[in-house]
Amino acid sequence: QSTLVIAEHTNEALTPITLNAITAAKRVGGEVSCLVAGTNCEKVAQELSKIQGVAKVLLAQHDLYKGLLPEELTPLILAAQKQFNYTHICAGASAFGKSLLPRLAAKLDVAPVSDIIKIKSPDTFVRTIYAGNALCTVKCEEKVKVFSVRGTSFEAAPVSGGSGSLEKLSAPSPVGQSEWVGQSLTKSDRPELTSAKIVISGGRGLKSGENFKLLYDLADQLHAAVGASRAAVDAGFVPNDMQVGQTGKIVAPELYIAVGISGAIQHLAGMKDSKTIVAINKDPEAPIFQVADYGLVADLFKVVPELTAALKK
Amino acid sequence: MAAAGLRAMVGVKRVIDYAVKVRVKPDKTGVVTDGVKHSMNPFCEIAVEEAVRLKEKKLISEVVAVSCGPQQCQETIRTALAMGADRGLHVEVPAKDYENLSPFHVSKILAALVKKEGVNLLLLGKQAIDDDCNQTGQMTAAFLDWPQGTFASEVTVDGDWLKVEREVDGGLETVRLKLPAVVTADLRLNEPRYATLPNIMKAKKKKIEVVKPSDLGVDLTPRVKTLSVEDPPQRQAGVKVETVDDLVAKLKESGRI
């Protein structure tokens, strides 16, 4: 038994969800290898080889892997699979992993399993369906099990103590069907949403994008990340990458503060595994209060600045 | 490829309506679907809207709406026709097989239909809100050997290429895909229209062809078996606090701040 983890990275650094995927791979049992493809990612390969439990790192560097296009990565992973015959292949259930793994699975002629939250045995996984309203246990008897891993459901693997070997892979010929043009990433000095210990999210109740400043001020006091409900994103208050929920990001911080969010099931799907939930909403009937550990029925425009001020003391 | 040479297929899935609170069956085999309101998967609506808009801009010549499942899927196809799709294809899957129909099978069906119909743009929703798999577009693209523009928030036809802006974890990303291609719709691609009464009436006259998976050479042997479906652990509602100071005190007490 052996598992290949497809590493997600920026060429500069490993994306944290890869560490959660490595833990899931270790849970499967057997040897764990990582594949890193990029334009200039030797540093990331070194980083991977030091992760506890990673036996081998496969490194492919080529201009083809600019933007990590699934069309170009798939033939590379298929070549690695042909050579090493893994029983399992996984990645984090991020935009990257979600886009890549089903394509890879189809090419292997197997059905993949998305966004698993638990591994019961090497062929039995638990995942959520209906926006987290049901837990589904599935058995995958495919010759290769291809699965994506929900980051918040597995601890991050320790980044030191390992001594994996490094092996270079050569790039198969280009597919040439797609080109990466560019990206516009949201810049922020705050912690990243999916790995922050404290997350403050705003909803439609914030009324405008400008009013999110109230949340940013509070976030600065708590060293928190700032997220949003779909309603706030759809209304154009904040960019899409801040969306928490069934179709956005899944977060499970130690403290989640929902401000002006009513608590639609699609939003709860993205945050209800948080350890402590605080809800601030002026509507006492808002469903968010049914999952909140501490509820404050109040006008957010009054109490959020008060909370910021109280924390400054 | 001349723009007028573009023909699109759109997948539409019938799912339990997003506003319905689903209930797990006591025997843990699935969720209760009998007597529950069903609608078109919201992401599929966005895909239909995008196809119809491209047709209205005369960038594509025809929009074919496809759904796989039991008889009731024809209602979902009718909705797509009322939104502006030209004709429908219903891939009839009996209820017994439908329980085990996975994105793997649907992708094989879609790939076969794409070839049969000779379309060169496949638009799908990024995920269905029932199984939350987020696989069908990517797998169909692989079966067809086409490029994929997943989680699209903007699609532009540029000669033989498509420019697709994608929603990724850190923000937005732009890729160019050589046609033919698969695109999966994210939430911000557009706002789907409501079908007007005259269009609903017109849709009744549009054709829906029924095909069987076996006609397409697709084997429906189950791939991933569902062992059980259960309720998730429930969170208990906590306490209401009266003031900001109470809240701060509680959070300090529990060590969260």
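Residues numbered from 1 in each chain as written. Chains lettered and ligands numbered in written order. Predicted model: local features only at pLDDT ≥ 70, side-chain atom pairs only at ≥ 80, totals over all residues. Heavy atoms only, no water.

**Considering the overall build of chain A**
Here's step 1: The secondary structure content of chain A amounts to eight helices and 15 strands.
Here's step 2: Over its C-alpha atoms, taken along the principal directions, chain A stretches across nearly 60 × 40 × 40 Å.
Here's step 3: Here chain A holds 313 residues, and 60% of them are scored as buried.
Here's step 4: Considering only contacts within chain A whose residues lie at least 6 apart along the sequence, 66% involve residues at least 24 apart.
Here's step 5: Roughly 11,800 Å² of accessible area belongs to chain A as shown, and the carbon and sulfur atoms make up 49% of that amount.
Here's step 6: When the 32 positive and 30 negative side-chain charges of chain A are each reduced to one mean point, those points stand 2 Å apart. (Helix = DSSP H or I, 4+ residues; strand = E, 2+ residues; numbered from the N terminus. Buried < 20%, exposed > 50% of the residue type's maximum accessible area, 1.4 Å probe, protein only. Contact = heavy atoms within 4.5 Å. Areas by Shrake-Rupley, 256 points an atom, 1.4 Å probe, with all protein chains shown as cover. Lys, Arg positive; Asp, Glu negative; His and termini not counted. Charge placed at Lys NZ, Arg CZ, Asp CG, Glu CD.)

**Quick word on the sheet that holds strand β1 (residues 7-11) of chain B**
Here's step 1: Read from one edge to the other, the open sheet built from 10 strands follows the order β10(A)-β9(B)-β8(B)-β7(B)-β10(B)-β6(B)-β1(B)-β4(B)-β5(B)-β11(B), with strand pairing classed as mixed. In the strand order of this sheet, the two ends are held by β10 (178-185) of chain A together with β11 (208-211) of chain B, each with one partner. Strand-to-strand twist in this sheet, taken as the mean axis angle between neighbours without regard to direction, amounts to 30 degrees.
Here's step 2: Taken together, the eight bridges between strand β8 (residues 161-168) of chain B and strand β9 (residues 171-178) of chain B define a ladder with antiparallel strand orientation. Note that in β9 of chain B the partner of Val168 of chain B across the bridge is Gly171 of chain B.
Here's step 3: Of the strands in this sheet, β4 (62-69), β5 (87-92) and β11 of chain B touch helix α2 (residues 73-83) of chain B, which is tilted by about 160 degrees from β5 of chain B. (Pairing = 2+ DSSP bridges. Axes fitted to C-alpha atoms, helices over the stretch in contact; angles between N-to-C directions.)

**Topic: the UniProt feature "domain: Electron transfer flavoprotein alpha/beta-subunit N-terminal" (unreviewed entry) in chain B**
Here's step 1: UniProt annotation of "domain: Electron transfer flavoprotein alpha/beta-subunit N-terminal" (unreviewed entry) refers to residues 28-220 of chain B when read in the numbering used here.
Here's step 2: Strand forms 30% of residues 28-220 of chain B and helix 32%; the C-alpha atoms that close the span are 23 Å apart. (UniProt positions renumbered as here; feature names shortened; annotations may be inferred.)

**Some points on the nonpolar core**
Here's step 1: Counting residues in hydrophobic clusters, the biggest one holds 75 residues, and the most contacted among them are Val36, Leu48 and Phe147 of chain A together with Leu113 of chain B.
Here's step 2: If you tally residues by element for this core, the top one is helix α4 (residues 103-117) of chain B, at eight residues.
Here's step 3: Ignoring sequence-local partners within four residues, the contact set of Leu48 of chain A consists of Ala7, Leu14, Thr18, Ile22, Cys34, Val36, Val54 and Val57 of chain A.
Here's step 4: Counting 44 residues, the second largest nonpolar core, distinct from the first, contains Val48, Ala152, Val183 and Leu189 of chain B. (Core = buried A, V, L, I, M, F, W, Y, C linked by side-chain atoms within 4.5 Å.)

**With respect to the confidence of the model for chain B**
Here's step 1: Of the residues in chain B, 98% have a pLDDT of 70 or more, and the chain-wide mean is 95.
Here's step 2: Interface confidence in the predicted complex, given as ipTM, is 0.96; pTM for the same model is 0.95. (pLDDT = per-residue confidence, 0-100.)

**A few points about the packing of helix α4 (residues 95-107) of chain A against helix α5 (residues 136-144) of chain B**
Here's step 1: The interhelical angle for the contact between α4 of chain A and α5 of chain B, taken along N-to-C directions, is 40 degrees, at an axis separation of 7 Å. Between α4 of chain A and α5 of chain B, the angle is such that the two are oblique. Handedness of the α4 of chain A/α5 of chain B crossing: right-handed. Residues Lys98, Ser99, Pro102, Arg103, Ala106 and Lys107 of chain A of α4 of chain A form the contact with α5 of chain B, whose participating residues are Gln138, Met139, Ala141, Ala142 and Phe143 of chain B.
Here's step 2: Partitioning the contact of α4 of chain A with α5 of chain B into residue classes produces six nonpolar, two polar and three charged. (Parallel < 35°, antiparallel > 145°, perpendicular 65-115°, else oblique. Left-handed = near helix turned anticlockwise from the far one by under 90°. Nonpolar A, V, L, I, M, F, W, Y, C, P; charged D, E, K, R; others polar.)

**Regarding helix α7 (residues 244-253) of chain B**
Here's step 1: Within the sequence span of α7 of chain B, burial applies to Val244, Leu247, Val248 and Leu251 of chain B. The buried residues of α7 of chain B occupy an angular sector of 95 degrees when projected down its axis, which confines them to one face. More than 90 degrees from the buried face of α7 of chain B, the exposed residues found are Asp245 and Glu253 of chain B.
Here's step 2: Of the surrounding secondary structure, the elements contacted by the buried residues of α7 of chain B are β13 (255-259), β14 (276-281), β15 (294-297) and α8 (300-312) of chain A together with β13 (239-241) of chain B.
Here's step 3: Downstream of α7 of chain B by a residue or two, Gly255 of chain B has a phi angle that is positive, lying close to 75 degrees. (Arc of directions from axis to C-beta.)

**Here's the deal with the sheet that holds strand β12 (residues 224-230) of chain B**
Backbone-to-backbone hydrogen bonds join strands into a sheet, with any given pair of strands oriented parallel or antiparallel.
Here's step 1: Taking strand neighbours across the sheet as the criterion, the 10 strands line up as β9(A)-β3(A)-β2(A)-β1(A)-β4(A)-β8(A)-β5(A)-β6(A)-β7(A)-β12(B) in an open arrangement whose pairing is mixed. Strands at the two margins of the open sheet, each flanked by one partner only, are β9 (165-168) of chain A together with β12 of chain B. Geometrically, the sheet is characterised by an average inter-axis angle of 35 degrees between neighbouring strands, direction not taken into account.
Here's step 2: The pairing of strand β6 (residues 124-129) of chain A with strand β7 (residues 134-140) of chain A spans six bridges and is classified as antiparallel. Bridge pairing in β7 of chain A places Val126 of chain A opposite Thr137 of chain A.
Here's step 3: Where helix α2 (residues 42-49) of chain A meets the sheet, its contacts fall on β2 (31-38), β3 (56-61) and β9 of chain A, and the angle it forms with β3 of chain A comes to roughly 175 degrees.

**Remarks on the environment of Ser262 of chain A**
Here's step 1: With respect to the helices and strands, Ser262 of chain A occurs in the loop between β13 and α7 (265-268).
Here's step 2: Residues Ser262 of chain A and Gly205 of chain A lie 57 residues apart in sequence; the distance between their C-alpha atoms is 8.3 Å.

**Concerning unusual backbone geometry**
Here's step 1: Residues Leu179 of chain B and Pro180 of chain B are joined by a peptide bond in cis, for which omega reads 5 degrees.
Here's step 2: Mapping Pro180 of chain B onto the fold places it in the loop between β9 and β10 (181-185).
Here's step 3: Although it is not a glycine, Asp109 of chain A adopts a positive phi angle of roughly 60 degrees.
Here's step 4: By the secondary structure assignment, Asp109 of chain A is in the loop between α4 and β5 (113-121).
Here's step 5: Among the residues examined, Asp109 of chain A registers a relative accessible area of 34% and is labelled partly exposed.

**Details of the state of the cysteines**
Here's step 1: Scanning the model with the defined rule gives zero disulfides over all chains in all.
Here's step 2: Left unpaired, Cys133 of chain B is separated from the closest cysteine sulfur, that of Cys136 of chain A, by 8.7 Å.
Here's step 3: On the basis of relative accessible area, Cys133 of chain B is assigned to the buried category, the value being 10%. (Disulfide = S-S within 2.5 Å.)

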